[in-house]
Amino acid sequence: MGKLYVVGFGPGGYAHMTAKAIEVMERADLITGYTTYVEMLKEFFPDKTYLATPMMQEVKRCRMAVEEAMKEQTVAMVSSGDSGIYGMAGIVYQVAEEMQADISIETVPGVTAASAAASVLGAPLMHDFAVISLSDLMTPLELIWKRVACAGESDLVVCLYNPKSKKRTTYVERAAEILMQYRSPETPVGVVRHAGRREEKSCITTLAEVQEVPMDMFSIVIVGNSQSYVSQGRLITPRGYRI
């Protein structure tokens, strides 16, 4: 029986990959994934065989991976971050079921972008938090704003994925406006671009000024709750311990 691993390899650097992810990719007959992610991995696994597809071809990519596993090969379908958090795990299971594929599938977790960005900023995710993608390619925009509002009303730390693209230039500003209905404009906000990669950059700003920070699809925005604060350049959300 063929084996298909759905692998989260973390932010991209070798140091953030789990031992399990490295083991799976080293013994895979084939590594497949989004073109950008495959190019990242070639540096660390140069002798492997790769299949890649560009953005917006996720279903095609999954079918390719399932078909290769059905040839009794060991295939690693890769995602940056965690394969089960905005990754490929869900669609792989759906496609394999639709294809009635007689293969074994295993999900390999990885360091997700929220964790990687939080470690750069300090300790912003020490209490309850929500992760919300601002991409409306597959989620209605009205539902995204509802989720942002609910997170704001609940005083959750809010981690925003996909905050800005060439077409979506004002979504972060709108999210900030919604959150300021429930918390102070001075609420600290951390922005990390390329967390855990060579190009990593970060800054800490406020909810009122976050729209002034350059960002793109490689950025993560973490908005503190009512108790979050900045100390010595670190964004910290107290858990409630008595010190």
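Refer to the structure presented above.
Residues numbered from 1 in each chain as written. Predicted model: local features only at pLDDT ≥ 70, side-chain atom pairs only at ≥ 80, totals over all residues. Heavy atoms only, no water.

What follows concerns the sheet that holds strand β12 (residues 229-231). With mixed pairing, three strands are arranged side by side in an open sheet as β6-β13-β12. Sheet topology places β6 (122-123) and β12 at the edges, where each strand pairs with a single neighbour. Where β6 lies against strand β13 (residues 234-236), two bridges are found, and the strand directions are parallel. In the strand pairing of β13, Gly-122 is matched with Leu-235. (Pairing = 2+ DSSP bridges. Helix = DSSP H or I, 4+ residues; strand = E, 2+ residues; numbered from the N terminus.)

Here we take up helix α2 (residues 35-42). Buried within α2 are the following residues: Val-38, Met-40 and Leu-41. Taken down its axis, α2 places every buried residue within 155° of arc, on the same side. Contacts made by the buried residues of α2 are with α1 (19-27), β2 (30-34), β3 (50-53) and β4 (74-79). (Buried < 20%, exposed > 50% of the residue type's maximum accessible area, 1.4 Å probe, protein only. Arc of directions from axis to C-beta. Contact = heavy atoms within 4.5 Å.)

Side chains of Glu-173, Glu-186, Glu-209 and Glu-212 sit close together on the surface and give a patch of like negative charge. Topologically, Glu-209 is positioned in the loop between β10 (201-206) and β11 (219-223). Residue Glu-209 is classed as partly exposed on the basis of its relative accessible area, which comes to 47%. (Patch = residues over 30% accessible without salt bridge, like charges linked within 9 Å, V, L, I, M, F, W, Y side chains within 5 Å. Areas by Shrake-Rupley, 256 points an atom, 1.4 Å probe, with all protein chains shown as cover. Salt bridge = Lys/Arg side-chain N within 4 Å of Asp/Glu carboxyl O. Lys, Arg positive; Asp, Glu negative; His and termini not counted. Charge placed at Lys NZ, Arg CZ, Asp CG, Glu CD.)

For the pair helix α6 (residues 141-153) and helix α7 (residues 171-179), interaxial distance at closest approach is 9 Å and the crossing angle is 40°. With respect to α7, the axis of α6 lies oblique. At the point where α6 passes α7, the crossing takes the right-handed sense. Across the interface between the two elements, Leu-141, Trp-145, Val-148, Ala-149 and Gly-152 from α6 touch Tyr-171, Arg-174, Ala-175, Ile-178 and Leu-179 from α7. (Axes fitted to C-alpha atoms, helices over the stretch in contact; angles between N-to-C directions. Parallel < 35°, antiparallel > 145°, perpendicular 65-115°, else oblique. Left-handed = near helix turned anticlockwise from the far one by under 90°.)

Keep in mind these values describe shape, not function.
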